[in-house]
Amino acid sequence: MACAAGAVAILAAGLPVHHTEQGPAWHTAMTVQAAGASLNDVVATGARQAWAVGSSAAGQPVVYRWDGTRWQQAARPGPGSAAASVAASSPGNVWVSLAGAAALEHWNGHAWSRTGFGAPGRVDISGLTTTGRKNVWTFTYDSKTRKETAFHYNGRKWRGTRLPVSMGSGGSVRLASATSRHNVWAWGYDQRRGRWVSLHFNGRKWRVIGLPAGLLPAGRTVLPEQMLARSRKNVWGTVYAASGSTRGPVVLVHWNGHHWRRVTRGLPAGGLAGPMAPDGHGGLWLAAMRPGGAGYLAHYRHGHWYEAAVPAAAVSVSALAHIPGTSWLWGAATAGTSPGSSRGSVIMRYS
């Protein structure tokens, strides 16, 4: 714990980036060569089990599965416009949220099942996280009633609790993260005060925790991108510094058990681009972009920031996931020749 606390202190203080990642590298593991196809999220439960989800060129949900040797598309039930996110804790506890369907699909290691949470088109799923078969959380927003509900699955049934604030208009699928049933974090929007806040569930009740004043430059507003909980006193978040309808640069924030603090010094050249994942040793991987728009990956470890190149086919990273028990990661990205172009999708691996 002392090492982790020291790493957080060093990161908050900041160090300049003058390092290039040595040794392991990111490479392409699979390419989906179809313009319009996209991958939205990726998760791993071990070296021999991973899942990536998104939509096909025809706009249908797609799920890919890594079996330790290769990626293959997995058959799945039911309609939907896209597989928006995936969460898993083991090969027999995999959950996929479906955009436009107000539903989750569950893989128990043998077969798929489907759970609906309301009327498609009216109810949206705005968060999904799990730490085990008896601890699954999903968050739904009803556009008619404007109610946000946190649903918890205990291994037998779902129970819903209305949240004090909304999560429904964030536009991200990674708004929630948990380390246990007693430590669940999410981004929320306080409609009465017109501002984004964080939410924490301690096993008994939800608490609203505000963000510090002056978090963003003048004229910018917070638009959350991802929540990543590592412990009660170690939570990371990324937010966009939005201006009007434009999403600006990504800001990295950290919760130390008492308050949120913006990481301001020593950040990668250019700016952060959103997705992040732990590296398995107390550090972080984050997608980043150079001043000219070229993408790369920023790795914080042992008090320093390092830069790593993305595979040549990947132009926009959409998700990152740590492989438990290793120092490796999976990533999902848009395939193309330049930012804004799309020739399909890429699953990439750091190893």
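Residues numbered from 1 in each chain as written. Predicted model: local features only at pLDDT ≥ 70, side-chain atom pairs only at ≥ 80, totals over all residues. Heavy atoms only, no water.

Here's the deal with the overall build of the protein chain
Applicable threshold: Working definition: helices are DSSP H or I runs of at least four residues, strands are E runs of at least two. Numbering for both runs from the N terminus. For each residue, the accessible area found with a 1.4 Å probe, counting protein chains only, is set against the maximum for its type, and the residue is called buried under 20%, exposed over 50%, and partly exposed in between. Only heavy atoms matter for contacts: two residues are in contact if any of them lie within 4.5 Å across the pair. Exposure was quantified through the Shrake-Rupley algorithm and a 1.4 Å probe, taking into account, for residues, occlusion by the shown protein chains and nothing else.
Across its full length, the protein chain carries one helix and 28 strands. Per-residue burial for the protein chain yields a buried fraction of 54% across its 351 residues. Sequence separation of 24 or more characterises 44% of the internal contacts of the protein chain that already satisfy a separation of 6 or more. Surface accessibility of the protein chain: about 15,400 Å² in total, with carbon and sulfur atoms responsible for 50%.

A look at the pairing of strand β6 (residues 82-90)
The two faces of a sheet get side chains in turn, since along a regular strand they alternate between them. Stated formally: A pair of strands counts as paired when DSSP detects no fewer than two bridges linking them.
Burial analysis of β6 places seven of its nine residues in the buried class, the great majority of the element. The pairing of β6 with strand β7 (residues 93-99) spans seven bridges and is classified as antiparallel. Within β7, the position partnered with A88 by the bridge is V94. Between the antiparallel neighbours β6 and β7 lie two residues.

Topic: the pattern of salt bridges
Under the convention used in this document: When a carboxyl oxygen of Asp or Glu lies within 4 Å of a side-chain nitrogen of Lys or Arg, that pair is called a salt bridge.
Taken as a whole and judged by the stated rule, the model has six salt bridges. Residue E105 pairs with R114 through a salt bridge whose shortest N-O separation is 2.8 Å. The partner of R174 in a salt bridge is E225, and the shortest N-O contact between them spans 2.8 Å. Residue R174 is located in the loop between β13 (158-162) and β14 (176-180), and its partner E225 is located in strand β18 (residues 221-231); the two are separated by 51 residues in the primary sequence. Where salt bridges share partners, they join R76, E105 and R114 into one cluster.

Some points on the sheet that holds strand β3 (residues 49-55)
The following threshold applies: For helices, the fitted line uses only the C-alpha atoms of the stretch in contact; every axis is such a line through C-alpha atoms, and the angle between N-to-C directions lies from 0 to 180 degrees.
Taken together, four strands build an open sheet; the order of strands is β2-β3-β4-β5 and the sheet is antiparallel. The outermost strands of the open sheet, each flanked by one partner alone, are β2 (38-46) and β5 (71-74). Taking each pair of neighbouring strands and ignoring which way they run, the sheet shows an average axis angle of 25 degrees. Pairing geometry for β3 and strand β4 (residues 61-66), over six bridges, is antiparallel. Residue A52 lies in a different strand from β4, and its bridge partner there is Y64.

Looking at the nonpolar core
Note the threshold: In this description, a nonpolar core means a group of buried Ala, Val, Leu, Ile, Met, Phe, Trp, Tyr and Cys residues linked to one another through side-chain atoms lying within 4.5 Å.
In terms of nonpolar packing, the biggest core is built from 49 residues, with F139, W185, W206, L252 and W260 touching the most fellow members. No other element matches the six residues that strand β19 (residues 234-242) contributes to this core.

Concerning the packing of aromatic side chains
Under the convention used in this document: What counts as a ring pair is set by centres within 6.5 Å for rings of Phe, Tyr and Trp (its six-membered ring), and what kind of pair is set by the plane angle: stacked under 30 degrees, edge-to-face over 60, tilted for all other angles. Over a ring means this: the NZ of a Lys or the CZ of an Arg is within 6 Å of the ring centre and within 35 degrees of the ring normal.
Per the stated rule, a full pass over the model turns up 26 aromatic pairs. Ring plane angle 45 degrees and centroid distance 6.0 Å describe the contact between W66 and W71, whose orientation is recorded as tilted. What makes W66 buried here is its relative accessible area of 11%. Residue class for W71 comes out buried when judged on its relative accessible area of 8%. Considering the side-chain rings of W95 and Y153, the 5.7 Å spacing of their centres and the 65 degrees angle between planes classify their relative orientation as edge-to-face. Placement of the pair is W95 in strand β7 and Y153 in strand β12 (residues 147-153), with a sequence separation of 58 residues. According to the relative accessible area criterion, W95 is buried, its value standing at 3%. Judged by relative accessible area, which is 18%, Y153 ranks as buried. Among the aromatic side chains, those forming a connected cluster through ring pairs are W95, F117, F151, Y153 and W158. Positioned above the aromatic ring of Y296 is the side chain of R290, whose terminal nitrogen or guanidinium carbon lies 4.1 Å from the ring centre. A cation sits over an aromatic face here: R301 above Y306, 4.2 Å from the ring centre.

Section: the sheet that holds strand β16 (residues 195-201)
Here we have four strands laid out as an open sheet, ordered β14-β15-β16-β17, and antiparallel in their pairing. In the strand order of this sheet, the two ends are held by β14 and β17 (206-210), each with one partner. Averaged over all pairs of adjacent strands, the angle between strand axes in this sheet comes to 30 degrees, irrespective of strand direction. Taken together, the five bridges between β16 and β17 define a ladder with antiparallel strand orientation. Paired with L199 across the two strands is V208, which belongs to β17.

Concerning the pairing of strand β15 (residues 183-190)
Of all eight residues that make up β15, seven are buried, and the element is covered over most of its length. As defined by bridge partners, β14 adjoins β15 across four bridges and the pair is classed as antiparallel. For A176, the partnering residue across the bridge sits in β15 and is A186. Taking the residues between adjacent antiparallel strands as the criterion, β14 and β15 are bridged by two residues. Bridging between β15 and β16 involves seven bridges; their strand directions are antiparallel. The residue of β16 that forms the bridge with W187 is S198. Hairpin geometry of β15 and β16 is characterised by an intervening segment of four residues between the two adjacent antiparallel strands and by a positive phi of about 65 degrees at G194.

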